[in-house]
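Chains, contacts and geometry: an overview
One letter stands for each residue in the lines below.
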Amino acid sequence: MRRLSIGFVSALTCFLAACSTPAALSSDVTVMRLPHNMNESHPIHQSLVHFAELAEEKSGGTLRFDIFPNGQLGSEREAIELTQTGAVDATKVSATALESFSPFYALFSIPYLFADQDHYYEVMESAIATDIYDSTSDSGFFGLTYYDAGTRNMYTIDQPVREPEDLAGLKIRVQPSETAIQMTRLMGGAPTPMAFGEVYTALQQGVIDGTENNETALIANNHGEVAKDYSYTEHAIVPDLLIFSKLRWDSFSEEERAIIREAANESSQFHKELWAEEIQRSVEAAEELGVTFHEDVNKEAFRDLVEPMHEAVRSNEMMAPYYERIREMEKEE
């Protein structure tokens, strides 16, 4: 595990000290800590609050979650490490942030893996996803449920991306993920790994030419102020995941575990409606900022370019069974 920054450790120390008193109010109440990096208006935060409310209600008040939004406890990587050690009890992270902890999570980032949203939902609510969630149990945490994070598309400062040649020479910000880097390179762009919080300034100053994300980033993170062309490449559907500390989980009774699982699954379904509404609001607000949305994208050309990534997974003895199970579900629809 890499060394955490001095500032982060200091902030964490203050946080733990501040939270020690509420947890000690009653031996019958378990207070858990759940940090994430979204703001309070984001559907993810609202869905996590719903999860916490459900868990408290279903447990008769004995299971409580204190939620810390806005990256108060550090980056996604740091939050994962804190969950591993049990310093926090759960956190919400993008599946891409988990690739370095288990290669199976990289499957979710394979471009054009899912045929459509229905196929994606079916996979995420199947035993395939559960098997992948459990792949990090020996590392100190496991996946509990998923939250829809939308379809990822390319958007740039002033150039539509309709064909692969439109990406040629463009510096595209990607998540610090080998899968995302390889995908962008194969699609024709120049991948530029960068922390999400740096994207707005990088777009504004021309350090990068564009990035890829769902529509909410145009408004929630103000990217629509500087990026005016949003192109529906629909190259990936990468979930956000709620992960849970194995150390904390093992301390629960079977009844408590069932309550938390039920609350998590219900919050995931609750999130779907919130997310659809947020996408619509974001598109309308972005259009008012002057963002143009481009549907006329040659997705087949991009899909052909990333085929080597699919071939690599199919030839990997460890990954191939999961990949084939996902593709078989598409054929069964």
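What you see is a predicted model, and the numbers here were worked out from it, not measured in a lab.

1. Some words on the domain arrangement of the chain
Splitting the chain by domain gives domain 1 (2-103 + 112-148 + 239-280) and domain 2 (152-237 + 281-332). On a C-alpha basis, the centres of domain 1 and domain 2 stand 25 Å from each other. Listed per partner, the contact involves 26 residues of domain 1 and 30 residues of domain 2. Here domain 1 packs against domain 2, burying approximately 2,600 Å² in sum over the two surfaces, 58% of which is carbon and sulfur. Linking domain 1 to domain 2 there are 2 salt bridges. A salt bridge links R281 to E278; its shortest N-O distance comes to 2.7 Å. Counting every contact that joins domain 1 to domain 2 gives 17 residue pairs in polar contact (both at pLDDT 80 or more). Sorting elements by how many residues they give to the side of domain 1 that touches domain 2 places helix α10 (residues 254-288) first, with 5 residues.

2. Structural notes on helix α4 (residues 117-124)
What α4 keeps buried is the set H119, Y120, Y121, V123 and M124. Residue D116 occupies the N-cap position of α4, its side-chain oxygen lying 3.2 Å from the main-chain nitrogen of D118.

3. Section: the sheet that holds strand β4 (residues 141-147)
Pairing within the open sheet is antiparallel, and its 3 strands lie in the order β3-β10-β4. Either end of the sheet is taken by a strand with one partner, and the two such strands are β3 (90-94) and β4. Between one strand axis and the next, the sheet turns by 30° as a mean value, whatever way the strands run. Two elements, β3 and strand β10 (residues 240-245), share 5 bridges in a ladder whose sense is antiparallel. Across the sheet, V93 pairs through a bridge with L241, a residue of β10.

4. Here's the deal with the environment of L247
If you trace the backbone, L247 turns up in helix α9 (residues 246-249). On a C-alpha basis, the gap between L247 and T85 in space is 7.6 Å, while along the polypeptide they are 162 residues apart. Those residues in contact with L247 that sit more than four places away from it in its chain are T85, G86 and G140.

5. A closer look at α10
Given 3.6 residues per helical turn, the α-helix brings residues three or four places apart onto the same face. Its 35 residues give α10 an end-to-end C-alpha distance of 51 Å, which sits within 8% of 51 Å, the value for a rise of 1.5 Å per residue. Phi for G290, located one or two positions after α10, is positive at around 100°.

Quick notes on the rules
Residues numbered from 1 in each chain as written. Predicted model: local features only at pLDDT ≥ 70, side-chain atom pairs only at ≥ 80, totals over all residues. Heavy atoms only, no water. Domains from an automatic or database assignment. Contact = heavy atoms within 4.5 Å. Buried area = accessible area lost by both parts, 1.4 Å probe. Salt bridge = Lys/Arg side-chain N within 4 Å of Asp/Glu carboxyl O. Polar contact = N/O pair within 3.5 Å; in protein donor to acceptor, adjacent residues only side chain to side chain. Helix = DSSP H or I, 4+ residues; strand = E, 2+ residues; numbered from the N terminus. Buried < 20%, exposed > 50% of the residue type's maximum accessible area, 1.4 Å probe, protein only. Pairing = 2+ DSSP bridges. Axes fitted to C-alpha atoms, helices over the stretch in contact; angles between N-to-C directions. Expected span 1.5 Å × (residues − 1).

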